[in-house]
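Read off the chains here:
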There are 2 protein chains.
Amino acid sequence: MAGSALLISLVIGFSLFGLLVAYYLVRWVMAKDTGSEAMQRISNAIKEGAEAFLRRQNRTILLLAAVFAAVLFIGYGFVRQSREFDPVGSSLQLALWIALSFIFGALCSVFAGYVGMWVSIRSNIRTATAALSSLNEALRIALRGGAVSGLLVVAMSLLGVAGLYALVSTVGGVEPTKVPLLIVGYGFGASFVALFAQLGGGIYTKAADVGADLVGKVEAGIPEDDPRNPAVIADLVGDNVGDCAGRGADLFESTAAENIGAMILGASLAAAAQKQGIEFSMGVVGVMMFPLVARAFGILASVIGILAVKMDKEERMDPMEALNRGYYLAVALAMAGFAGATYWLLSSPAAPNAWWHFFLCGVIGVLTSVAFVYITQYYTEYRYRPVQSIAEASTTGPATNIIAGVGVGFECTWMPAVVMGAALLASYWLGETSGLPHAGLFGTAVATMGMLATAAYILAMDTFGPITDNAGGIVEMSQQPEEVRRKTDRLDAVGNTTKALTKGYAIGSAGLAAFLLFQAYMDEVKNYAGLGESAPFVVNLAKPVVFVGALLGAMLVFLFSALAIRAVGKAAQSIIEEVRRQYANLPRENDIIVFPPNFKPDYGSCVDIVTKAALKRMVAPGLLVVLMPVAVGVVFRIFIRPDDPLISAEAVAGLLMVGTIGGILVALFLNNAGGAWDNAKKFIETGAHGGKYLMTPDGKRMKNPTHGAAVVGDTVGDPFKDTAGPSLHVLIKLLSTITLVLAPLFI
Amino acid sequence: MAGSALLISLVIGFSLFGLLVAYYLVRWVMAKDTGSEAMQRISNAIKEGAEAFLRRQNRTILLLAAVFAAVLFIGYGFVRQSREFDPVGSSLQLALWIALSFIFGALCSVFAGYVGMWVSIRSNIRTATAALSSLNEALRIALRGGAVSGLLVVAMSLLGVAGLYALVSTVGGVEPTKVPLLIVGYGFGASFVALFAQLGGGIYTKAADVGADLVGKVEAGIPEDDPRNPAVIADLVGDNVGDCAGRGADLFESTAAENIGAMILGASLAAAAQKQGIEFSMGVVGVMMFPLVARAFGILASVIGILAVKMDKEERMDPMEALNRGYYLAVALAMAGFAGATYWLLSSPAAPNAWWHFFLCGVIGVLTSVAFVYITQYYTEYRYRPVQSIAEASTTGPATNIIAGVGVGFECTWMPAVVMGAALLASYWLGETSGLPHAGLFGTAVATMGMLATAAYILAMDTFGPITDNAGGIVEMSQQPEEVRRKTDRLDAVGNTTKALTKGYAIGSAGLAAFLLFQAYMDEVKNYAGLGESAPFVVNLAKPVVFVGALLGAMLVFLFSALAIRAVGKAAQSIIEEVRRQYANLPRENDIIVFPPNFKPDYGSCVDIVTKAALKRMVAPGLLVVLMPVAVGVVFRIFIRPDDPLISAEAVAGLLMVGTIGGILVALFLNNAGGAWDNAKKFIETGAHGGKYLMTPDGKRMKNPTHGAAVVGDTVGDPFKDTAGPSLHVLIKLLSTITLVLAPLFI
């Protein structure tokens, strides 16, 4: 127990350290100059809109969560009474822990998302102000503001799991290796919130964006961030609620769920090894705590990386370069920490090679994340063929642009799939040959841990995006000098890149983690069904029931995406109608609106309308994801071969696995096609294929139809990459966590 | 043996009957009036272009096929020597039969495609001519011309299988139940040809279509079928080579592969039943021949249905109605024949319920095809919400049109998936409860047979489409009176619907058939690996190797679609450049081309260019599909756990199954989104949302931007529904047949 106490203290200590650094960064950012009154006015408008949206969204989400917690409690209470295997010996106690950890996970996720966004909407104006004088200062403010979100998410996720563990094992008196089974609710609660946060935020941001674009360009011929566009504040708000809050919740539940899953696997592995007489330096508990310890070291590594980021003196380097350097530093340190953790916790005299086998697994995980970053760049940056082919296709109109973009999106799935497959097989092999029995799957778990080691830095980079995006908007709307706008544009371009990279990273980690979560699910099923730990749980696709489950799982991905995409369209429609209403009485000349000099649109009503629309439309897709595995499990259990208790668990496993495969590929398609379309447009704007405007023979300036075609592609890609794609990451994880929690019901 | 001879004779007899009817129909069509000289000139141009393309394509395909036959021969010869199990006792003999049946299948497929197209390009002008006087006559010519293709394909497929069976069992002296294992090459050869035919034809047709559209509208402002457009003949040719030849080859290999697969399954089933003392009225051979007999009855049913089609006297009914009536008649008769076949061949005193259980399976198959037809109509006809939502989204521009279309495409996957799942589970259950041991999978095979019973009629309807499409083009280009154009337009609209329906039907049958082909694959692996027939062959997704195989299988679908779509774009580019070259020296006024009165473009060069481009670009995607399972199987065999002989076969099974799931869903997406976009445009052209043209305030006519947006969607959807989508059907089947043939190499 002493070892366990030491480890828990260490983990909690590092988490608190992470939170302290986050606090310090908040103070640092808030101390910066907030700029002119004009800028503050805009920033306040964004702040109000974002906070109003998040308040309402959290209210809705927590209501749904409360309902689910009750369902879980009842389900577990009812189901448990008929089982022999019972980790706590009392069904009431089990039901209580599951429901409580669910609520706790939900609350933590909401809190992390809220605070993260609180800081970023205060960082944006400070970034804009800093850009008036120093690009380096602006970069640091934006990154550190984002880092608050990153550190908060990772540290709280870790603290929550460690804290729950401590609580359950001491107060609940549960045997340590059974504790993770009780706290699975934590990951589920976090996933639950993440799904709705990402959906709601994603629908909001894209509806506002599309609405603002269409109104601005189509209806009134004004540019996107023009203050006369009533939807522009909603658009800037959307960047925050979609990208900050949504992605924060997404990574919160990733790290939480994977921590718990890895603990479950570690516990099984160590127990099996112990039966064969293999002892570890910190015992079985040490192996189980390994994921948490690795994560703790990762926090430290990320902190150092973040604090080290700065530009060169002349501010001539690409800001992306500065961010990359910080990232590589964080990765190197995290790997050093990883080596320490594997050597300390995973080595055994009876299996002397185990520790460095697992260390290599961690390295594989990191290399996978780097690979994903580069693959994403290849498919979405305009230095490379794919984006250039889309730009070229734009010369023959919007249809060929779309066709080319869809082609690129479909194509970009192959490299990530091969990389993921190679990583899975390699880490599995390393595990199997480590000297520990049946350690292949633990090897994949460790690879996942490696990939997620620098999650805090990744999330900081991700939140950097909306901060710089908003900063650019503020600068534009308060009519700052051109030179300032150029600085924020440099950061904004980097922000777009980091947003794309972190999506690729999220998918890659979803792929690696999926396997460990499958295994955790299957371990749990075996436990509850009373099979021995070494009994194989087979997911045999040759059984029609399992095949049909798999088919339905893949179909779920498509249907979900359809609902998310359709939601954006409908919500955008409401914005467009509101704006038309506001413009209805303005004077026109030749059908072009002539704005009165003091025209001040009503921003609040647009924000309000999009808020309502997004929240209304996120419920259906979210519920679909949560209910579908349940429905399949229950229906199959009742109607199909009720004599075989495992058959519906097997069908749900098929749904889970093939749903994950489908989700990964479709998310890659949506994210990368969207990113490629966006950058094809930017490529043309740099002057390729004629640039934004052409000169007519008689010296007038006219819009270049090639650019117009690229704008169509960019608009199409937006809901793909900002709503449906990111929501699919969460869908993948939620499928795993929900099956993990609801497994007992299927048996 | 006598029973076997009787059955074979019956099957061959019905096949010959089908061929005779086809011959009669050819004579009937050729006897019709060929119309004016102007019309004949155009028809001749189409004929030359189509035949030139097909000649070149077949040369390329047969070259590739010859290479593959050699590879097969060597592979089988080499591999076989190290195996205990050997169906023929001599590896050379086995290799020979496989290679020969492969070549035979390839040749038959090429022949069927060629003759089918030969007739349809002669039917188009006769249809056009008939439309001058009688809609009923035009309908009948178009349908009967298409029926030649349908009957030829189904009858030859059946004749090929039956003939090979007779040949191998007599000359080769092989035990009857082992014969199907040798003739798997027939299905593979047919699939091989089908893939390249569908790809090559699909790329051709869409490149020509897109090119002609863009040139006509964008470059010169002339309508699509205008004779001044150099690409217009290529466009009309494309309808034939894509839709006729490609789809014919597709259904040829479907029916062939499923026949053989069902025979393999039937043989296993009957042998297992025999061991339990269950005897059938026509013995084991009768069970094995059941699929062929059912197909034979289906030919008769289709013939009667086709001959019965006619319009009402006033010609006021919807022509679709007439086609539907014929279809239902064919279905009813086919079911009657099915009942007869099941009663005769599948009943046994020891299992008295078996026959009608299997009859019900057949009915389920037919109901599934009807369901697919209706689901497709819901998502692609403008009477219903999905298409209307796309039309409405067009009012806010092309981007929202595309977003809505993608949403509809994603959404439309759910109903077919649920229907397919239900059909699989229901037919499996009926088989399991039939009284025969382990007959569940045979139940799914019988359901597939039921679905394909009326394949000849379906293919007739499918080929009807290009015939009426061409007829319309001929009428337009030879400047016939408006009234004639209206008649052909009615038929053309019906033709578009039937093209969409048959695609839905093809996917549905692919889904049902996939299972029977999986099983045939697994049976074969068991045989070759020396396992007993009752040994379970498990495809355990929980094994990382299998999971990775599955991931790669799904990825293959996306990568293949990307290559197909990209091929269309590149090929279209070549046409556009050629047309620009031809237009380069024409006089212009205000940038608009002024055509000289006698301007005659060079059609031949366009046809030539697209031919070359399509053939060049079909090779890569085709080879990808053929080589990927081989690569996975071989690489996994060599590098991963060489101690477990089955592991790579299992990984390939995972690739196959999940690739099928992915292929079904993505094909549904591509086909239905394409169809929906097409009909959204047509809906607007009927006047919705302003119609094609709007009136400006000063009384001038201007193009309606809503229609323009819908045209963008239509253009995007074309390569989806005519190139990538149909090619995916073939990919699904080819994956099954190739794994079937190459299984021994993996062990």
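Residues numbered from 1 in each chain as written. Chains lettered and ligands numbered in written order. Predicted model: local features only at pLDDT ≥ 70, side-chain atom pairs only at ≥ 80, totals over all residues. Heavy atoms only, no water.

Chemist: Tell me what's going on with the overall build of chain A, and back it up with residues and numbers.
Modeler: Within chain A, the secondary structure is distributed over 20 helices and four strands. In summary, chain A has a C-alpha radius of gyration of 26 Å against a globular reference of 27 Å for 747 residues, a match within 12%. For chain A, the spread of C-alpha atoms along the three principal axes comes to 85 × 60 × 45 Å. In chain A, which comprises 747 residues, the proportion classed as buried is 69%. Across chain A, the fraction of contacts at a sequence separation of at least 24, relative to all contacts at a separation of at least 6, is 84%. Accessible surface, chain A: about 22,900 Å² in total, of which carbon and sulfur atoms supply 61%. The average position of the 53 basic charges and that of the 55 acidic charges among the side chains of chain A differ by 2 Å. (Helix = DSSP H or I, 4+ residues; strand = E, 2+ residues; numbered from the N terminus. Rg over C-alpha atoms; globule rule 2.2 N^0.38 Å. Buried < 20%, exposed > 50% of the residue type's maximum accessible area, 1.4 Å probe, protein only. Contact = heavy atoms within 4.5 Å. Areas by Shrake-Rupley, 256 points an atom, 1.4 Å probe, with all protein chains shown as cover. Lys, Arg positive; Asp, Glu negative; His and termini not counted. Charge placed at Lys NZ, Arg CZ, Asp CG, Glu CD.)

Chemist: Break down the packing of helix α12 (residues 398–411) of chain B against helix α19 (residues 647–685) of chain B for me, citing the residues and quoting the values.
Modeler: Residues and elements named next belong to chain B. In the contact formed by α12 and α19, the axes pass within 8 Å of each other and the chain directions differ by 135 degrees. Taken together, the axes of α12 and α19 are oblique relative to one another. Between α12 and α19 lies a crossing of right-handed hand. Residue-level inspection shows N401, I402, G405, V406, V408, G409 and F410 of α12 in contact with α19, the latter providing F669, A673, A676 and W677. (Axes fitted to C-alpha atoms, helices over the stretch in contact; angles between N-to-C directions. Parallel < 35°, antiparallel > 145°, perpendicular 65-115°, else oblique. Left-handed = near helix turned anticlockwise from the far one by under 90°.)

Chemist: Tell me about the UniProt feature "site: Determinant of potassium independence" (unreviewed entry) in chain A, and name the residues and values.
Modeler: The UniProt entry lists K499(A) under the feature "site: Determinant of potassium independence" (unreviewed entry), expressed in the numbering used here. In this structure K499(A) touches D243(A), R247(A), D462(A), G465(A) and D469(A), once residues within four positions along its chain are discounted. (UniProt positions renumbered as here; feature names shortened; annotations may be inferred.)

Chemist: Talk me through the interface of chain B and chain A; I want residue IDs and the actual numbers.
Modeler: Listed as interface residues are 65 residues of chain B and, on the opposing side, 64 residues of chain A. Note on chain B versus chain A: buried area summed over both sides is about 5,900 Å², and carbon and sulfur give 85% of it. If you sort the residues of chain B by the area they bury against chain A, F410(B), F547(B) and F558(B) come out on top, with a joint share of 12%. At the junction of chain B and chain A, the tally comes to six residue pairs in polar contact (both at pLDDT 80 or more). Elements supplying a minimum of two residues to the side of chain B that touches chain A: α12, α13 (414–432), α16 (482–529), α17 (544–583), α19 and α20 (705–746) of chain B. Looking at the side of chain B that touches chain A, its residues break down into 49 nonpolar, 10 polar and six charged. (Buried area = accessible area lost by both parts, 1.4 Å probe. Polar contact = N/O pair within 3.5 Å; in protein donor to acceptor, adjacent residues only side chain to side chain. Nonpolar A, V, L, I, M, F, W, Y, C, P; charged D, E, K, R; others polar.)

Chemist: Describe in detail the packing of aromatic side chains, supporting the description with residues and values.
Modeler: Residues and elements named next belong to chain A. Summed over all chains, the structure comprises 48 aromatic pairs over all chains. Ring geometry for F669 versus F720: centroids 6.3 Å apart, planes at 45 degrees, classification tilted. Residue F669 is located in helix α19 (residues 647–685), and its partner F720 is located in helix α20 (residues 705–746); the two are separated by 51 residues in the primary sequence. Neither residue differs from the other here; F669 and F720 are each classed as buried. Every member of this aromatic cluster is reached through a ring pair, and the members are F68, F102, F188, F192 and F196. The aromatic ring of W118 is capped on one face by R122, whose charged end is 3.9 Å from the ring centroid. Lying across the ring of Y693, R701 places its NZ or CZ 3.8 Å from the centre. (Phe/Tyr/Trp six-rings, centres within 6.5 Å; stacked < 30°, edge-to-face > 60°. Lys NZ or Arg CZ within 6 Å of the ring centre and 35° of its normal.)

Chemist: Would you mind going over the packing of helix α3 (residues 91–131) of chain A against helix α7 (residues 232–275) of chain A in detail, with residue names and values included?
Modeler: Residue and element names in this part refer to chain A. Closest axis-to-axis distance for the α3/α7 pair is 9 Å, and the angle between their directions is 140 degrees. When the axes of α3 and α7 are compared, the crossing they make is right-handed. Residues G105, C108, S109, A112, G113, M117, S120 and I121 of α3 touch α7, and the partners they reach there are N240, V241, C244, A245, A249 and F252. Class assignment for the residues of the contact of α3 with α7 results in nine nonpolar, five polar and no charged.

Chemist: How would you explain the relation of the copies chain B and chain A if you had to name every residue and give the values?
Modeler: Each of the two chain copies goes to the other by way of a rotation about an axis and a shift along it. Its rotation angle being 180 degrees, the transformation that places chain B on chain A also includes 0.0 Å of axial translation and leaves an RMSD of 0.0 Å. Interpreted geometrically, this transformation is the action of a two-fold axis. If distances are taken from each C-alpha of chain B to the rotation axis, the shortest is found for N540(B), at 2.3 Å. Most of the interface of chain B is mirrored in chain A, where 98% of its interface residues again form contacts. (Least-squares fit on C-alpha atoms with pLDDT ≥ 70 in both.)

Chemist: Requested: an account of the environment of G326(A), with residues and values cited.
Modeler: Secondary-structure assignment places G326(A) in helix α9 (residues 319–345). With 279 residues separating them in the primary sequence, G326(A) and K47(A) have C-alpha atoms 29 Å apart.

Chemist: Outline the pattern of salt bridges, supporting the account with residue identities and numerical values.
Modeler: Residues and elements named next belong to chain A. With the rule as written, the count across this model stands at 48 salt bridges over all chains. Linking E483 and K487 is a salt bridge whose minimum nitrogen-to-oxygen distance equals 3.9 Å. Here E483 and its partner K487 are both found in helix α16 (residues 482–529), four residues apart, which amounts to about one turn of the helix. For E483, a relative accessible area of 45% gives the class partly exposed. A cluster of three or more residues bridged by salt bridges with shared partners is formed by K206, D209, K503, D678, K682, D718, K721 and D722. (Salt bridge = Lys/Arg side-chain N within 4 Å of Asp/Glu carboxyl O.)

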